Amino acid sequence: MNILFISTLLGVAAFVVQIAASKETPKVSVSVWPSGSNIYGGDSVSLQCRVVSGSPYVWSYRWFRHKPGSGLTLNPRHLVSGDRYSITGVTREDGGSYWCQAGRGGHNSTAVFLSQPIRLFVSELLPPSLSVTPGSRQIFRGERLTVRCPVSLINSSRWTLMQFSQDFGLRSTNFHNESCSPLEGAVSADTPATCVFASVYSGNSGLYWCESTEGRSHAVSITVSYGAIILKSPILTVSEGDQVVLLCQYWSWNHNKTAFFKDGEQVITHSSFSPDREIMIIIDNVTQADEGFYKCASMDGGMESPESWLSVRRNASAVTAVSPHDTWKWILLSCGIGLLFLLPLIVWLLYHYRCGCCRFSKEDLPAMQLPQTKQDVTEVQWDLSWMEMSNLLDKRLYPGS
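Not measured: the values here are computed from a predicted model. (Residues numbered from 1 in each chain as written. Predicted model: local features only at pLDDT ≥ 70, side-chain atom pairs only at ≥ 80, totals over all residues. Heavy atoms only, no water.)

### Here we look at the overall build of the chain
For the chain, the count of helices and strands is three helices and 28 strands. Here the chain holds 401 residues, and the buried ones make up 36% of them. For the chain, the exposed area adds up to about 25,300 Å²; of that, 59% sits on carbon and sulfur atoms. (Helix = DSSP H or I, 4+ residues; strand = E, 2+ residues; numbered from the N terminus. Buried < 20%, exposed > 50% of the residue type's maximum accessible area, 1.4 Å probe, protein only. Areas by Shrake-Rupley, 256 points an atom, 1.4 Å probe, with all protein chains shown as cover.)

Structure follows, in structure tokens:
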């Protein structure tokens with residue numbers, strides 16, 4: 001009897017807890033990695049939607065950009081996967097506000113909860129760059145990976161290598177302890193600022209960056225591949241005019257024909273054999289037009305590598321061609337600015353000119369003597385006749401005068 005009573009109480013308590021949990025309002029927020037609202041051009045950035053709730057529901061996620069509730073228009077560098085929103089090769093256009101929405105489905109209704117916006121600002125500054133060997137975004141499983149923080153951060157009082165992965169979330173390593181054990185690697189004795197991972201696996205995929213009291217370095221994305229082919233491309237942003245080398249590497253053997261693709265379109269095909277299982281193409285004097293997603297594929301085996309983004313930075317000294325339409329635009333703008341500066345001067349001159357004219361009055365004008373003219377004989381005779389007639393009329397009207 002007591003056992004039945006205790007079981008009933010436990011059931012009622014569990015029911016009450018479940019009802020309380022169902023009425024709880026979840027807290028939804030967006031976290032950004034690397035942390036902070038300032039990101040750099042060429043960075044790889046990951047946003048994560050977090051839900052704090054005691055309810056046992058399975059959550060579904062939606063992402064919004066610039067305006068909540070609007071459809072999300074992605075470009076190829078933006079990737080959405082569940083609670084993650086990833087951006088590769090950050091540009092100025094990627095700045096703005098981001099929201100996530102978490103939804104849960106009940107028996108009779110669906111509840112959705114919107115996060116507060118997180119705003120990203122793209123900085124024009126160039127942060128220090130960490131060193132990665134091999135210098136590629138893609139690496140085969142079991143290979144050796146070396147990550148070294150920038151030299152400018154080595155003398156800092158405290159600096160840390162950070163990693164954000166899909167499997168483990170955020171992890172860090174303090175190099176003061178001369179140990180990479182949290183990242184399952186080892187520190188090289190001769191270069192204590194270098195962290196070496198002797199044999200990488202899926203958990204080593206993710207974002208890497210260095211943090212210090214001086215700031216942080218660029219953030220790079222590394223993918224550990226379990227496939228049969230990878231594309232080795234520059235892991236950091238290259239500058240216009242640089243020479244870029246792309247390597248297509250096979251896991252076990254080399255194929256006679258290998259094709260390279262940019263943004264889904266084939267750009268070149270190589271027919272060669274390499275003992276080190278690598279096929280290479282070189283892009284001389286790279287420009288902004290060469291920026292995009294690259295991959296390689298075997299023409300006979302149907303294998304293809306994941307895509308890698310090639311980010312190209314515009315040189316500050318580059319001269320930009322100006323179209324005729326832009327030329328007229330600048331001419332009109334210059335004329336408008338010139339008129340704005342001349343208008344106060346014109347008004348000042350008109351005001352002083354009018355006031356100067358108003359200062360003169362008739363009294364101030366000098367007396368001018370009219371020119372004298374000689375009367376001719378006809379005018380004198382006419383005057384005398386008029387005077388005689390006038391006297392005669394006066395005598396008739398006034399006899400005693």
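### A look at the state of the cysteines
This structure, assessed with the given rule, holds three disulfides. Two residues, Cys-149 and Cys-210, share a disulfide whose sulfurs are 2.0 Å apart. One quick way to see it: the torsion about the S-S bond of Cys-149 and Cys-210 is about -90 degrees, and its sign makes the bridge left-handed. One end of the pair, Cys-149, is in the loop between strand 12 (145–148) and strand 13 (159–165); the other, Cys-210, is in strand 17 (residues 206–212), and 61 residues separate them in sequence. Judged by relative accessible area, which is 3%, Cys-149 ranks as buried. Each sulfur in the disulfide pair Cys-248 and Cys-296 lies 2.1 Å from the other. Since a negative S-S torsion denotes a left-handed disulfide, the Cys-248-Cys-296 link at about 80 degrees is right-handed. Of this pair, Cys-248 sits in strand 22 (residues 244–250) while Cys-296 sits in strand 26 (residues 292–298), placing them 48 residues apart in sequence. The residues Cys-248 and Cys-296 share a single accessibility class, namely buried. (Disulfide = S-S within 2.5 Å.)

### Comments concerning the packing of aromatic side chains
For the structure on display, the rule yields seven aromatic pairs. Measuring from ring centre to ring centre gives 6.1 Å for Trp-59 and Phe-113, while their planes differ by 65 degrees; the resulting arrangement is edge-to-face. Within this pair, whereas Trp-59 is found in strand 4 (residues 59–65), its partner Phe-113 is found in strand 8 (residues 110–114), the two being separated by 54 residues in sequence. An identical accessibility class is assigned to Trp-59 and Phe-113; each is buried. Measuring from ring centre to ring centre gives 4.9 Å for Phe-293 and Trp-309, while their planes differ by 65 degrees; the resulting arrangement is edge-to-face. Pair noted here: Phe-293 is in strand 26 and Trp-309 is in strand 27 (residues 308–310), with a separation of 16 residues, a long-range link. Just above the ring of Trp-251 sits the side chain of Arg-141; from NZ or CZ to the centre is 3.8 Å. One residue, Lys-295, lies across the ring of Phe-261, its end atom 5.7 Å from the ring centre. (Phe/Tyr/Trp six-rings, centres within 6.5 Å; stacked < 30°, edge-to-face > 60°. Lys NZ or Arg CZ within 6 Å of the ring centre and 35° of its normal.)

### So, unusual backbone geometry
That bond from Trp-33 to Pro-34 is cis: its omega, 0 degrees, falls within 30 degrees of zero. Summarising the element assignment, Pro-34 is placed in the loop between strand 1 (27–33) and strand 2 (38–40). Pro-134 follows Thr-133 through a cis peptide bond whose omega is 0 degrees. Relative to the assigned elements, Pro-134 resides in the loop between strand 10 (131–133) and strand 11 (138–140).

### Notes on the sheet that holds strand 3 (residues 45–52)
Across the sheet, four strands lie side by side as 1-3-6-5; this open sheet has antiparallel pairing. Among the strands making up the open sheet, the edge pair consists of strand 1 and strand 5 (78–81). Going from strand to strand, the sheet's axes swing by 15 degrees on average, the running direction of each strand aside. Relative to strand 3, strand 1 runs antiparallel, the two sharing seven bridges. For Val-30, the partnering residue across the bridge sits in strand 3 and is Cys-49. (Pairing = 2+ DSSP bridges. Axes fitted to C-alpha atoms, helices over the stretch in contact; angles between N-to-C directions.)

### Examining the side chain of His-218
Among the structural elements, His-218 can be located in the loop between strand 18 (215–216) and strand 19 (220–225). Residue classification places His-218 among the buried residues on the basis of a relative accessible area of 6%. In this structure the side chain of His-218 is engaged in a polar contact, spanning 3.0 Å, whose partner is the side chain of Asp-43. Filtering out sequence-adjacent residues up to four positions away, His-218 remains in contact with Tyr-40, Gly-41, Asp-43, Pro-127, Pro-128, Ser-129, Leu-130, Tyr-208, Trp-209 and Leu-236. (Polar contact = N/O pair within 3.5 Å; in protein donor to acceptor, adjacent residues only side chain to side chain. Contact = heavy atoms within 4.5 Å.)

### Side note on the pattern of salt bridges
Considering all chains together, one arrives at seven salt bridges under this definition. A salt bridge links Lys-232 to Glu-278; the shortest N-O distance between them is 3.6 Å. Taken as a pair, Lys-232 in strand 20 (residues 229–232) and Glu-278 in strand 25 (residues 278–283) lie far apart in primary sequence, 46 residues in all. (Salt bridge = Lys/Arg side-chain N within 4 Å of Asp/Glu carboxyl O.)

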